[in-house]
Amino acid sequence: MKKKLKNSKMVEMLHQLQPLLSHRDKIGYVAARNYRILSNSLIEYETFRRSLVEKYGEDAVGPNGEPIVQLKMDSPNFQVFCDELTPFNEMEHEVELMTAKYDEAIGCLSGEEILAIDWMLED
């Protein structure tokens, strides 16, 4: 199914697919395929977002002791970051997503999981 989606919506959809990637069934396959398609559609957006984090973030230490740059919500620069990112959140792209039947999700997914990926299911 072809859909025109905003970058911000595609990021949300990626997060919804994450828990399904370990499934070894048709739902897992469709989730993995859609995850790849959405990830590829967001390459430029993610590159731009990371550059803004580097621009407005602060040096920190990662979980393994490596130096990282992070931007916390309570940072004085966070609102400026959001203001610069907003126009890019609203940009739309047409993507071709794979769907699965609701019947294929029954018994494989919880009700919460079905609701999270309702956009990927059809009758």
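Residues numbered from 1 in each chain as written. Predicted model: local features only at pLDDT ≥ 70, side-chain atom pairs only at ≥ 80, totals over all residues. Heavy atoms only, no water.

## Things to note about the overall build of the protein chain
Next, step 1: Scanning the protein chain from terminus to terminus reveals six helices and six strands.
Next, step 2: The globule rule puts the C-alpha radius of gyration for 123 residues at 14 Å, and the 17 Å found for the protein chain is more than 25% above it.
Next, step 3: Along the first, second and third principal axes, the C-alpha atoms of the protein chain reach 50 × 35 × 20 Å.
Next, step 4: Residues classed as buried in the protein chain amount to 33% of the 123 residues present.
Next, step 5: Partitioning the intrachain contacts of the protein chain with sequence separation of at least 6 by distance along the chain shows that 64% fall at a separation of at least 24.
Next, step 6: Roughly 7800 Å² of accessible area belongs to the protein chain as shown, and the carbon and sulfur atoms make up 53% of that amount.
Next, step 7: Between the mean site of the 14 positive side-chain charges and the mean site of the 22 negative ones, the protein chain shows a separation of 5 Å. (Helix = DSSP H or I, 4+ residues; strand = E, 2+ residues; numbered from the N terminus. Rg over C-alpha atoms; globule rule 2.2 N^0.38 Å. Buried < 20%, exposed > 50% of the residue type's maximum accessible area, 1.4 Å probe, protein only. Contact = heavy atoms within 4.5 Å. Areas by Shrake-Rupley, 256 points an atom, 1.4 Å probe, with all protein chains shown as cover. Lys, Arg positive; Asp, Glu negative; His and termini not counted. Charge placed at Lys NZ, Arg CZ, Asp CG, Glu CD.)

## A few points about the pairing of strand 2 (residues 58-61)
Next, step 1: Bridge count for strand 2 against strand 3 (residues 67-70) is four bridges, and the pairing is antiparallel. Bridge pairing in strand 3 links Glu 58 to Gln 70. (Pairing = 2+ DSSP bridges.)

## A look at helix 4 (residues 78-89)
Next, step 1: Taking 1.5 Å of rise per residue, 12 residues should cover 16 Å, and helix 4 covers 15 Å from first to last C-alpha, within 8% of that figure.
Next, step 2: Considered for burial, the residues of helix 4 that qualify are Phe 81, Leu 85 and Asn 89. Buried positions in helix 4, seen along its axis, are confined to an arc of 70° and lie on one side of it.
Next, step 3: Structurally, helix 4 contributes buried residues whose contacts are with strand 1 (2-6), helix 1 (7-17) and helix 3 (43-56). (Expected span 1.5 Å × (residues − 1). Arc of directions from axis to C-beta.)

## Topic: the packing of helix 1 against helix 2 (residues 26-41)
Next, step 1: Interaxial distance between helix 1 and helix 2 falls to 10 Å at its minimum, and their mutual angle equals 150°. Between helix 1 and helix 2, the interaxial angle falls into the category roughly antiparallel. In this structure, the crossing between helix 1 and helix 2 has a hand that is left-handed. Contacts between helix 1 and helix 2 involve Met 10, Met 13, Leu 14 and Leu 17 from the former and Ala 31, Asn 34, Tyr 35, Leu 38, Ser 39 and Ser 41 from the latter.
Next, step 2: A class-by-class count of the residues in the contact of helix 1 with helix 2 yields seven nonpolar, three polar and no charged. (Axes fitted to C-alpha atoms, helices over the stretch in contact; angles between N-to-C directions. Parallel < 35°, antiparallel > 145°, perpendicular 65-115°, else oblique. Left-handed = near helix turned anticlockwise from the far one by under 90°. Nonpolar A, V, L, I, M, F, W, Y, C, P; charged D, E, K, R; others polar.)

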